[in-house]
Amino acid sequence: MKRRVPPGLLPRWKWMATGLLFMGLGVMLVVFLKMQQQTLKLVHHHQLHHSPEFSFLPKSSRQRGENSSKNDGNGDKLAFLFIARHSIPLDILWEHFFLESQKHKYSVYIHARPGYVYTTENTQCRSFLNRQLKNSVQVEWGEASMVEAERLLLAEALQDPLNQRFILLSDSCIPLYNFDYTYNYVMSSPKSFVDSFLHTRDDQYNPKMRNVVLREKWRKGSQWFVLIRSHAQAVVSDSSVFAIFQKHCRKMLLPENWREIASTNKTHENHNCIPDEHYIQTLIAVKNKEAEIERRTLTYSQWEQTKKDKGGRRGWHPMTFNFAAATVETIRAIQDIYKIHYEAEARTDLCSLEGEAMPCYLFARKFNRAAGFRLLDQVASYENRV
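Under an unreviewed UniProt entry, the chain has the name Core-2/I-branching beta-1,6-N-acetylglucosaminyltransferase family protein and belongs to Sphagnum jensenii. Regarding the chain, the relevant UniProt record gives this comment under Subcellular location (unreviewed entry): "Membrane".

The structure is reproduced here in structure tokens:
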């Protein structure tokens, strides 16, 4: 005989079963969310400690890099200072470089010949548009006008209180790494980067400078610097050292028979002095601030000795990298330099920041436009390599 279900029992059973089903689903959802949260933490940890732009920087600079990613637009900036004749042939590479950056982290200033204006008709880099100085001077190689151009760039960049590092570059320079790595490398050091050494065999010092610049304060090095703000201010505010350089550090034009003239007319008493090879380095020494600099440049140049001219003269000049020489292997060879030898001082320095070995260079020169186009096609294969 079939049993009858009492009234009201079936609905209560259904309610209990439904409740148990929802409780099970709720537990499963909580477990799933916990697993997702843990996975996101692991992914974030991996990205933070293994991403290319931070993995090769000292711990403190990695921490600064993490904080800078949350920058609200009021943080420290790099000021890129370009010395150019007119158009910048490597604008295509710089467009790529700045495109991957955050605009509040950099400023651009360009010293070109008077009257030259950067527009969409003469540059493909948007960061260069209308960034020329309005008070530029005509620059002659080997003259004090080159130093004057540097001072004008620094003075303009100092108008922005957020600019904290000042990077001098030429129109033939290329970046070796992406923007984030470059930014964190430069900001990780509290010092300026100024190639400066004492050249015991250097004859460019003029004793007529001794009232302002003593012989023991005379320094030499590459003009391509990275300055902290206080050093940039010291350069702009200087009047005595620059004035003495204008007067007594000048390029000497030698005739083809200069050796004969030197032996008969005492021309050796004249001094062939190139101001941009000495001014910043000597000023920092005069100001007793050498403890505040890394004595190296961040811009690589490959020097080659030129052939003798008719007068028997030969000199050293930076090599120009053309299309054929602009290979990934070339860039990686520069990136793999971790020490620099200074023959004049018989010393070899390991490039480091906060005690950790670092690549010596962030930029390189001289590259022509054809080389720039070739590197643009290959930039993804080297800019993130550290």
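S.K.: So what's going on with the nonpolar core? Residues and values would help.
M.R.: Residues F80, F82, W94, F98, F128, I174 and F367 are the most contacted members of the largest nonpolar core, which totals 57 residues. In terms of residue count, helix 6 (residues 179-187) provides more of this core than any other element does, 6 residues in total. Non-local contacts of F82, meaning those with residues more than four positions away in its chain, are made with I88, W94, V108, Y109, I110, H111, F128, L153, L169 and S170. If you look at the next biggest cluster of nonpolar residues, it comprises 37 residues, including V147, V213, F225 and I293.

S.K.: Quick rundown of empty space enclosed by the protein? Include the residues and the values.
M.R.: Taken as a whole and assessed by the stated rule, the structure comprises 2 cavities of 30 Å³ or more. Counted as a void, the largest cavity has a volume near 60 Å³. Considering the residues around the largest cavity, the lining is formed by L93, H96, F97, P175, L176, Y177, N178, V379, Y382 and E383. Among the elements that make up the lining of the largest cavity, the one with the highest residue count is helix 4 (residues 91-99) (3 residues). Across the lining of the largest cavity, the residue classes break down as 7 nonpolar, 2 polar and 1 charged. Each pocket or cavity is described by its volume, and for the second largest cavity that value is around 30 Å³. In terms of lining, the second largest cavity is formed by H231, A234, V235, L283, I284, K287 and K289. For the lining of the second largest cavity, the secondary structure elements donating two or more residues are helix 7 (229-237) and helix 10 (279-286). A total of 3 residues in the lining of the second largest cavity trace back to one element, the largest contributor, which is helix 7.

S.K.: An account of the environment of Q378 is requested, with residue identities and associated values reported.
M.R.: With respect to the secondary-structure elements, Q378 resides in helix 12 (residues 369-378). Taking the C-alpha atoms as reference, Q378 lies 9.8 Å from A326; in sequence the two are 52 residues apart. Ignoring sequence-local partners within four residues, the contact set of Q378 consists of A326, T327 and V328. Within the structure, the side chain of Q378 is placed 3.1 Å from the backbone oxygen of R374, a separation counted as a polar contact.

Rules of the game
- Residues numbered from 1 in each chain as written.
- Predicted model: local features only at pLDDT ≥ 70, side-chain atom pairs only at ≥ 80, totals over all residues.
- Heavy atoms only, no water.
- UniProt positions renumbered as here; feature names shortened; annotations may be inferred.
- Core = buried A, V, L, I, M, F, W, Y, C linked by side-chain atoms within 4.5 Å.
- Buried < 20%, exposed > 50% of the residue type's maximum accessible area, 1.4 Å probe, protein only.
- Helix = DSSP H or I, 4+ residues; strand = E, 2+ residues; numbered from the N terminus.
- Contact = heavy atoms within 4.5 Å.
- 1 Å grid on protein atoms, 1.4 Å probe; cavity = no way out; pocket = protein on both sides within 12 Å on 5 of 7 lines; lining within 4 Å.
- Points joined across faces, edges and corners; volume = space filled by probe spheres on them.
- Nonpolar A, V, L, I, M, F, W, Y, C, P; charged D, E, K, R; others polar.
- Polar contact = N/O pair within 3.5 Å; in protein donor to acceptor, adjacent residues only side chain to side chain.

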